[in-house]
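Observations on the three-dimensional arrangement
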Amino acid sequence: MTPTTFSDPAAENAAARLAEITGAARHDLAVVLGSGWQPAAEEIGSPETELSMSDLPGFAEPGAVGHSGKVWSVPVAGKRVLVMLGRTHLYEGKGIEPVVHGVRTAVAAGCRTVVLTNAAGGLREGMAVGQPVLISDHINLTARSPLVGATFVDLTDLYSPRLRKLAREIDPSLQEGVYAGLPGPHFETPAEIRMLRTFGVDLVGMSTVLEAIAARAAGAEVFGLSLVTNLAAGLSGQPLNHEEVLEAGRASASRMGKLLRSLVEVA
Ligand code: 6GU
């Protein structure tokens, strides 16, 4: 991936402060963890430094339940990994900048690779709760872009084929799917889920797509991993709730974390 001339003063500021607090001149790889993924972070490694997102300029304190708003600097296999425990969602109403500030800060801090994880509803026949799915591509249904002006960024192979291949070598049972990112915070109606299926969507969630676009535009290699925390509306006969999403995250966190650790080692 060719580094771009992209620069974002807010991200540069936050990256400078991060370097000051952690004493690490640069970080190599960032991992953004979604709802309920906190225990997965521990599997990646022990933090050398833990800070609050509020210690860094430009970060909104994440509001959603299950997000702690911590940032860890973790040494893994000779790499310096930036783990973000939580993210800002579009549905928090703070605008698009705080949603992408984390990945932009990571890239400004030196990260050439951005790993995005999330909790998602499964749409595809045969998908099971607790199943990890590699994101092969996305459909951005937020009607927003984190880019402004004449930033005509190519999104072919947005989700790195190289990293997806490495992940499948680590775990050959991993499936891939297309993730649709919606603004939320409500879940979809059963009719919307039927529509999304006809669009070729396998996974639905409320994050990731804007961060992936911002990370690519900043010149990073992007990897996306969804955990199916529930089946999408109308597919299970049960109503959806956020607690079930968090619970499924907790149940699968250690498996997810081990996979992320292995990927970070070889990425
Ligand atoms: Cl079913 N929909 C959306 N939009 N986000 C989710 C989800 C469903 N399940 C987990 N996150």
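The structure displayed is predicted, hence computed values, not measured ones. (Residues numbered from 1 in each chain as written. Predicted model: local features only at pLDDT ≥ 70, side-chain atom pairs only at ≥ 80, totals over all residues. Heavy atoms only, no water.)

All right, on to the overall build of the protein then. What the protein contains, in helices and strands, is seven helices and nine strands. For 267 residues, the compact-globule formula gives about 18 Å, and the C-alpha radius of gyration of the protein, at 17 Å, lands near that figure. Along the three orthogonal principal directions, the C-alpha set of the protein runs to about 50 × 40 × 35 Å. Evaluated residue by residue, the protein yields a buried proportion of 55% over its 267 residues. Long-range contacts, defined as pairs at least 24 residues apart, comprise 82% of the intrachain contacts of the protein with a sequence gap of at least 6. Accessible surface for the protein amounts to roughly 10800 Å². Of this, 53% is attributable to carbon and sulfur atoms. Across the protein, the mean location of the 22 positive side-chain charges is 3 Å away from that of the 28 negative side-chain charges. (Helix = DSSP H or I, 4+ residues; strand = E, 2+ residues; numbered from the N terminus. Rg over C-alpha atoms; globule rule 2.2 N^0.38 Å. Buried < 20%, exposed > 50% of the residue type's maximum accessible area, 1.4 Å probe, protein only. Contact = heavy atoms within 4.5 Å. Areas by Shrake-Rupley, 256 points an atom, 1.4 Å probe, with all protein chains shown as cover. Lys, Arg positive; Asp, Glu negative; His and termini not counted. Charge placed at Lys NZ, Arg CZ, Asp CG, Glu CD.)

Below, the discussion takes up the site of the ligand. Taken together, 13 residues are adjacent to the ligand, and G121, F187, E188, G205 and N230 come closest. Between the ligand and A119, the relevant distance is 3.5 Å, taken from a nitrogen atom to a main-chain nitrogen or oxygen of the residue. One of the side-chain N or O atoms of E188 is found 2.5 Å from a nitrogen atom in the ligand. Taken by itself the ligand offers 290 Å² of open surface, and the protein chains cover 96% of this. Listing elements by their share of the shell around the ligand, those giving two or more residues are β5 (113-122), β8 (203-205) and β9 (221-231). Looking at which element gives the most residues to the shell around the ligand, the answer is β5, with three residues. By residue class, the composition of the shell around the ligand is eight nonpolar, four polar and one charged. (Near = heavy atom within 4 Å. Polar contact = N/O pair within 3.5 Å; in protein donor to acceptor, adjacent residues only side chain to side chain. Nonpolar A, V, L, I, M, F, W, Y, C, P; charged D, E, K, R; others polar.)

Here we come to the environment of D157. Inspection of the secondary structure assignment puts D157 in the loop between β6 (132-140) and α4 (161-170). Take D157: its relative accessible area is 49%, and that puts it in the partly exposed class. Sequence-wise, D157 and D137 are 20 residues apart; in three dimensions their C-alpha atoms are separated by 7.4 Å.

The UniProt entry lists E188 and N230 under the feature "binding site: a purine D-ribonucleoside" (unreviewed entry), expressed in the numbering used here. Annotated residues spanning 43 residues; largest pairwise C-alpha distance 12.6 Å, indicating a single compact cluster. Looking at the element boundaries, E188 is found in the loop between β7 (175-181) and α5 (190-198). By the element assignment, N230 lies in strand β9. The class of N230 is buried, set by a relative accessible area of 5%. Leaving out residues up to four positions away in the same chain, N230 has contacts with A120, G121, G122, V129, L240, E244 and V245. (UniProt positions renumbered as here; feature names shortened; annotations may be inferred.)

Moving on, we come to the UniProt feature "binding site: phosphate" (unreviewed entry) in the protein. The UniProt entry lists S35, H67, R87, T88, H89, A119 and S207 under the feature "binding site: phosphate" (unreviewed entry), expressed in the numbering used here. Along the chain, the position of R87 falls in the loop between β4 (79-85) and α3 (97-108). A residue is classified by how much of its surface remains accessible, and R87, at 4% relative accessible area, is buried. Among the polar contacts made by the side chain of R87, one reaches the main-chain carbonyl oxygen of T117 at a distance of 2.9 Å.

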